Amino acid sequence: MLLPWWWELGDPCAWTGQGRGTRRMSPATTGTFLLTVYTIFSKVHSDRNVYPSAGVLFVHVLEREYFKGEFPPYPKPGEISNDPITFNTNLMGYPDRPGWLRYIQRTPYSDGVLYGSPTAENVGKPTIIEITAYNRRTFETARHNLIINIMSAEDFPLPYQAEFFIKNMNVEEMLASEVLGDFLGAVKNVWQPERLNAINITSALDRGGRVPLPINDMKEGVYVMVGADVPFSSCLREVENPQNQLRCSQEMEPVITCDKKFRTQFYIDWCKISLVDKTKQVSTYQEVIRGEGILPDGGEYKPPSDSLKSRDYYTDFLITLAVPSAVALVLFLILAYIMCCRREGVEKRNMQTPDIQLVHHSAIQKSTKELRDMSKNREIAWPLSTLPVFHPVTGEIIPPLHTDSYDSTNMPLMQTQQNLPHQTQIPQQQTTGKWYP
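Residues numbered from 1 in each chain as written. Predicted model: local features only at pLDDT ≥ 70, side-chain atom pairs only at ≥ 80, totals over all residues. Heavy atoms only, no water.

In the nomenclature of an unreviewed UniProt entry, the protein corresponds to Epsilon-sarcoglycan from the organism Ictidomys tridecemlineatus. Of the comments in the UniProt record for the protein, the one headed Sequence similarities (unreviewed entry) reads "Belongs to the sarcoglycan alpha/epsilon family." (UniProt positions renumbered as here; feature names shortened; annotations may be inferred.)

And the structure:
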């Protein structure tokens, strides 16, 4: 019988109500108990303590059913409520979570999941995660604390690590204990290791993948990294063959003999598998050879003391504000003197102008005024181009208005139609009946 691959202390899947004893187990592939702890929770508001191992996948489920009892009106026993609830998680005192911890919740009607792979740097340091639940119907909130105590693992890190890309799974589906246990079981059948652990799970969207189309059964994909203590099997090494590498470069599916053991439930992209052998990794550190262009080591950096000396800003004020303001004021006074005090008036100008020039100017101004008054009283006539050329009744050509001997030099450019000879009024068409000429 394949047991759940982990039970963690304080997991909402493992306890409800007033709290009960919980157990943490190693992955199902090992089948051995690592730690047994019994804890009694007096209230639902008590902090939860979990004990993940460094380098091993950590999963914590935030169940909506557990937080429903926090929001009024409190449901009665047996009563079902389906309020939309969302969660916000952050490190205590900070706006976000630690770098190794991620959170996902698809909809307000699904459970939230905290997952990630703890690092060895945080071993022995308790990490307090604040969990705030929001009821989207009543706008009520509830807060709990999750205390993560990272423990060191004796077999960390596992020397042989393989990362698989599963195309037909989302990250929250892969985090389920049954699904992940089935995948580790399939990997164990192919790899045959003594110890096998899930190291990390990453969504394809976090690796730069695109959101899939809104089509049924379209998944975003998930990367699953596992580690073992034995070298890679021949089946996993088949992806490194030149033939399979050529097929991957041509965007063709490679030929893997053990693919049928995964195909029943998991569709693996074998072109994206990554095999890492930490036993063969050579340190890339190189000793720096000092030469031209490399400064000598100046020792450790010594920051300035916390007590800073007071600085006098009076001189800076004079240079930046007082001096430019004084210069602008002087220029303004000079310009005002030139424009106002040195201005020549009209009387002074007339006194310096000869009388004959003033008479000529007055005569020109008077003539201009008379012309403007005459132009205002002139009647505006229609242009000749608007007059009819043919008689509207007989159709005969209208003779010219003036004879050839007529002096047209004194004829105005515009004439009114009332004074024109041979002009016939064009009859208007009646609205009813027929019109006869």
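Picking up after the structure, the text goes on.
Caption draft 1: Local environment of the nonpolar core. Phe164, Met174, Phe183, Trp191, Val226 and Trp270 are the most contacted members of the largest nonpolar core, which totals 42 residues. For this core, the elements supplying multiple residues, two or more each, are strand S4 (58–62), strand S7 (112–116), strand S10 (160–166), helix H2 (171–174), helix H3 (177–191), strand S11 (196–203), strand S12 (222–228) and helix H4 (234–237). Sorting elements by how many residues they give to this core places H3 first, with eight residues. Here this core spans two domains, since at least three of its residues come from each of domain 1 (48–150) and domain 2 (160–277). Those residues within four positions of phenylalanine 183 in sequence are excluded, and the remaining contacts are Phe164, Ile166, Met174, Val224, Val226, Phe262, Phe266 and Ile268. Of all hydrophobic cores here, the second largest spans 20 residues; its members include Val50, Trp100, Tyr103 and Leu146. (Core = buried A, V, L, I, M, F, W, Y, C linked by side-chain atoms within 4.5 Å. Buried < 20%, exposed > 50% of the residue type's maximum accessible area, 1.4 Å probe, protein only. Helix = DSSP H or I, 4+ residues; strand = E, 2+ residues; numbered from the N terminus. Domains from an automatic or database assignment. Contact = heavy atoms within 4.5 Å.)

Caption draft 2: Molecular detail of the sheet that holds strand S13 (residues 274–277). Read from one edge to the other, the open sheet built from four strands follows the order S11-S12-S10-S13, with strand pairing classed as antiparallel. Strands at the two margins of the open sheet, each flanked by one partner only, are S11 and S13. For this sheet the average axis-to-axis angle between neighbouring strands, irrespective of direction, equals 15°. When S10 meets S13, the two strands line up antiparallel, connected through four bridges. Paired with alanine 162 across the two strands is leucine 275, which belongs to S13. (Pairing = 2+ DSSP bridges. Axes fitted to C-alpha atoms, helices over the stretch in contact; angles between N-to-C directions.)

Caption draft 3: Just helix H9 (residues 355–377), in detail. Its 23 residues place the ends of H9 34 Å apart at the C-alpha level, agreeing with the 33 Å of an ideal helix rising 1.5 Å per residue. Little of H9 sits inside the fold, with zero of its 23 residues counted as buried. (Expected span 1.5 Å × (residues − 1).)

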